[in-house]
Amino acid sequence: MLISKMAAEGGGKEMNEIKTQFTTREGVYKLLTHSEYSRPNRVPFNSQGSNPVKVSFVNVNDQSGNGDRICFNVGRELYFYIYKGVRKAADLSKPIDKRIYKGTQPTCHDFNHLTATAESVSLLVGFSAGQVQLIDPIKKETSKLFNEERLIDKSRVTCVKWVPGSESLFLVSHASGSMYLYNVEHTCGTTAPHYQLLKQGENYSVHTCKSKSTRNPLLKWTVGEGALNEFAFSPDGKFLACVSQDGFLRVFNFDAVELHGTMKSYFGGLLCVCWSPDGKYIVAGGEDDLVTVWSFLDCRVIARGHGHKSWVSVVAFDHYTTSVEESDPMEFSGSDEDFQDQMIHFGRDRANSTQSRLSKRNSTDSRAVSVTYRFGSVGQDTQLCLWDLTEDILFPHLPLSRTRTHTNVMNATIPPLGSTAVTNTPSNTINGNNSGASTPGLNSTTLPRSNSLPPPAGGPTPTPTPTPTTTTTTATANSTNKAGTGGLTSGILDSAIATGVSKFATLSLHDRKERPHEKDHKRNHSMGHISSKSSDKLNLLTKSKADPAKTLGTLLCPRMEEVPLLEPLICKKIAHERLTVLIFLEDCLVTACQEGFICTWARPGKVGLLSSQNQASSPSGTVV
């Protein structure tokens, strides 16, 4: 008995050990301990009841070649430093600017990249009491305060962003569920604004400000029910993706003020959202512990990723890592032109190195090339997950190539002879009303999944949990592919195979590893073990809202077995406290936790001088 107890404890320690490096196909990512940013005293911040730590970057293009600047908030404090990344150790004794606020806390911030110079930067900061401040941390100036008297909105600012391509327009979302468009040149007025309806649609309305002279806010968006947790502009700046506490992703045409499409979480609120570099896919994460990949063109869920054991707080795409792999020439069904079409907008100027690799690989006549999107997610379970979104998920009608994928071998995309194929017909418009509609081609047969993970606790009729006090920031992430293939399944034979696979998969090592944590997860995290009394109360509260049972199994929210289930490439515990930041940079990726530590992870081959001084071994792997 004692031996088994000791073994269990030992195993627990090993599982809970914080990782300082991890390996993917491109090599080893290493934590640079000397590049850690935090408050100058490096003391862990007591995060009880405080807002999430957030990080913003800007490049000021100064002559020294060290133009990166970092801003982060910890509790009531806001810091602005030169960011030395993988090149040099962080010097915390000399912040360029430091501010301590009274009576309110910073919740989020964003730099204007268009106007940034070595002498001046425009930084917007949102606060827990609803105000938005425009500051210049280089000149140490505070130029303006918006919503100062809280006449526009009294609730916490959840997300603030400059409108892409604009030097003066910015968008602010609040815990009230409203978003406001401001112009830095205009005042907010001394009285509460009067509004006039501009446009109304399914669970959203947009109002203009009615006044004799132009004043802020220019527009007021009311979106969904509950807090609007985060929004993100598409790479071209034309579309806006919003995620709310009511569990809906809503994508708007920003200029036309029109709803493009919607998606519903499997359970609970959605907390974070991001776009793929080419704007074709959106990834959202939240209280269902899943990352969900949504196709912008087809307006439907194309995959879900299961790896986190608690709420997903940030999702982000890695613009710099595109997997380019060769397959046997016979297995490529498209031409070089087809491939180039897929890659047209990918990564814009950020992916120059990727583009050169693509052209180099593409020039080999006999070999075909496949593209993989990489995205990441971090959560309240203190874990970092990286995901690959591969072609067998994106284009399920194509034959599987022999590229390195994590799709179960049984998930064949081509039906055997004599069987009837069920095609997955994409829909270009999603009507929020289609609660009775079913996903075309998905009800008659089920899609096999790679690890047949059971749906999260709470099942098809989830009970919402109270809104967490934290909100999350910059999210851009995509789900990876370790899952089943998508659109074509076939008849009885395939479903028989799938049943066999699922029985076998339930015995897999992955599932055995997960089980010891399930009790802990239910007690501490998202799908909480709610007593029958409290769940009855919650059910009464939700009767008036969108009934999850009506959306489950529709295009808005497919059942778990109806879409491929991805597994993470890596899933590592990297902090003691919940993670609140994930940003992909060219040489590294940056994470931050609620204790106020901002960590830099060098990409393979990018450790540079820092490693020879401070680390024994250099990383292996290729430069990405």
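Residues numbered from 1 in each chain as written. Predicted model: local features only at pLDDT ≥ 70, side-chain atom pairs only at ≥ 80, totals over all residues. Heavy atoms only, no water.

- Per an unreviewed UniProt entry, the chain is named WD repeat-containing protein 20, and its organism is Gadus morhua.
- In the Subunit (unreviewed entry) part of its UniProt record, the chain is described as follows: "Interacts with USP12; promotes translocation of USP12/WDR20 to the plasma membrane. Component of the USP12/WDR20/WDR48 deubiquitinating complex. Interacts with USP46; contributes to the cytoplasmic localization of the USP46/WDR20 complex. Component of the USP12/DMWD/WDR48 deubiquitinating complex." (UniProt positions renumbered as here; feature names shortened; annotations may be inferred.)

### Details of the overall build of the chain
In step 1: The helix and strand tally for the chain stands at nine helices and 34 strands.
In step 2: Every one of the 624 residues in the chain was classed for burial, and the buried ones make up 56%.
In step 3: In the chain, of all internal contacts separated by at least 6 residues, the share reaching a separation of at least 24 is 65%.
In step 4: Counting only carbon and sulfur atoms, one obtains 52% of the accessible surface of the chain, whose full area is about 26,700 Å². (Helix = DSSP H or I, 4+ residues; strand = E, 2+ residues; numbered from the N terminus. Buried < 20%, exposed > 50% of the residue type's maximum accessible area, 1.4 Å probe, protein only. Contact = heavy atoms within 4.5 Å. Areas by Shrake-Rupley, 256 points an atom, 1.4 Å probe, with all protein chains shown as cover.)

### A short note on the packing of aromatic side chains
In step 1: One pass over the full model with this rule turns up 25 aromatic pairs.
In step 2: Within the aromatic cluster, the residues linked to one another by ring pairs are Y37, F57, F72, Y79, Y81 and Y83.
In step 3: The ring of F248 carries the charged tip of K264 above its face, separated from the ring centre by 6.0 Å. (Phe/Tyr/Trp six-rings, centres within 6.5 Å; stacked < 30°, edge-to-face > 60°. Lys NZ or Arg CZ within 6 Å of the ring centre and 35° of its normal.)

### Quick look at the sheet that holds strand β32 (residues 579–584)
In step 1: Spatially, five strands are ordered β1-β2-β34-β33-β32 in an open sheet, and the strand pairing comes out antiparallel. Taken across any chain shown, the strands that pair with only one partner, and hence form the sheet edges, are β1 (21–24) and β32. Each strand of the sheet is rotated relative to its neighbour by a mean of 20 degrees, with strand direction disregarded.
In step 2: Two strands pair when backbone bridges link them, and β1 and strand β2 (residues 27–31) are joined in this way by four bridges, in the antiparallel orientation. By the bridge assignment for β2, F22 is matched with Y29. (Pairing = 2+ DSSP bridges. Axes fitted to C-alpha atoms, helices over the stretch in contact; angles between N-to-C directions.)

### Some points on the side chain of N147
In step 1: With respect to the helices and strands, the residue N147 is situated in the loop between β10 (141–146) and β11 (157–162).
In step 2: A residue is classified by how much of its surface remains accessible, and N147, at 2% relative accessible area, is buried.
In step 3: A polar atom in the side chain of N147 sits 2.7 Å from the backbone oxygen of D153. (Polar contact = N/O pair within 3.5 Å; in protein donor to acceptor, adjacent residues only side chain to side chain.)

### Side note on unusual backbone geometry
In step 1: With an omega of -5 degrees, the peptide bond running from N216 to P217 counts as cis.
In step 2: For P217, the location among the structural elements is in the loop between β15 (204–209) and β16 (219–223).
In step 3: For R150, which is not glycine, the phi dihedral falls at a positive 60 degrees.
In step 4: Checked against the element boundaries, R150 lands in the loop between β10 and β11.
In step 5: Note on R150: relative accessible area 30%, which makes it partly exposed.
In step 6: With phi around 60 degrees, N203 is a residue other than glycine that occupies positive phi space.
In step 7: Here N203 shows up in the loop between β14 (195–201) and β15.
In step 8: N203 sits in the partly exposed class, given a relative accessible area of 40%.

### Considerations on the pattern of salt bridges
In step 1: Counted under the stated rule, the structure contains twelve salt bridges.
In step 2: In this structure, D388 and R25 form a salt bridge, with 2.4 Å as the shortest nitrogen-oxygen distance. A residue pair is termed long-range when its members are at least 10 positions apart, and D388 in strand β27 (residues 383–389) and R25 in the loop between β1 and β2 qualify at 363 residues.
In step 3: With a relative accessible area of 2%, D388 lands in the buried category. (Salt bridge = Lys/Arg side-chain N within 4 Å of Asp/Glu carboxyl O.)

### Some words on the UniProt feature "repeat: WD" (unreviewed entry) in the chain
In step 1: Per the UniProt entry, the sites bearing "repeat: WD" (unreviewed entry) are residues 263–295 in this numbering.
In step 2: Between the end C-alpha atoms of residues 263–295 there is a gap of 10 Å, over a span that is 0% helix and 61% strand.

### Observations regarding the sheet that holds strand β12 (residues 169–174)
Backbone hydrogen bonds hold the strands of a sheet together, and the pairing may be parallel or antiparallel.
In step 1: One open sheet holds the six strands; their spatial order is β11-β12-β13-β16-β15-β14, and the pairing between them is antiparallel. A strand with exactly one partner marks an edge of an open sheet, and here the two such strands are β11 and β14. On average, adjacent strands in this sheet sit at an angle of 20 degrees to one another, irrespective of strand direction.
In step 2: Pairing of strand β13 (residues 178–183) with β16, which is carried by four bridges, proceeds in the antiparallel orientation. Among the inter-strand pairings, S178 is bridged to a residue of β16, identified as T222.

### Some thoughts on the environment of N61
In step 1: Checked against the element boundaries, N61 lands in the loop between β3 (55–59) and β4 (68–74).
In step 2: Of the residues examined, N61 reaches a relative accessible area of 58% and is grouped as exposed.

### Section: the side chain of T24
In step 1: Along the chain, the position of T24 falls in strand β1.
In step 2: Of the polar contacts made by the side chain of T24, one reaches the side chain of E26; its length is 2.9 Å.
In step 3: Not counting residues within four places of it along the chain, the set of residues in contact with T24 comprises Y29, L386 and I570.

### Side note on the pairing of β15
In step 1: When you tally the buried positions in β15, you get five out of six residues, the bulk of the element.
In step 2: Counting the residues between successive antiparallel strands, the hairpin from β14 to β15 contains two residues, one of them, N203, with a positive phi of roughly 60 degrees.
In step 3: Taken together, the five bridges between β15 and β16 define a ladder with antiparallel strand orientation. Across the sheet, residue V206 finds its bridge partner in β16, namely W221.

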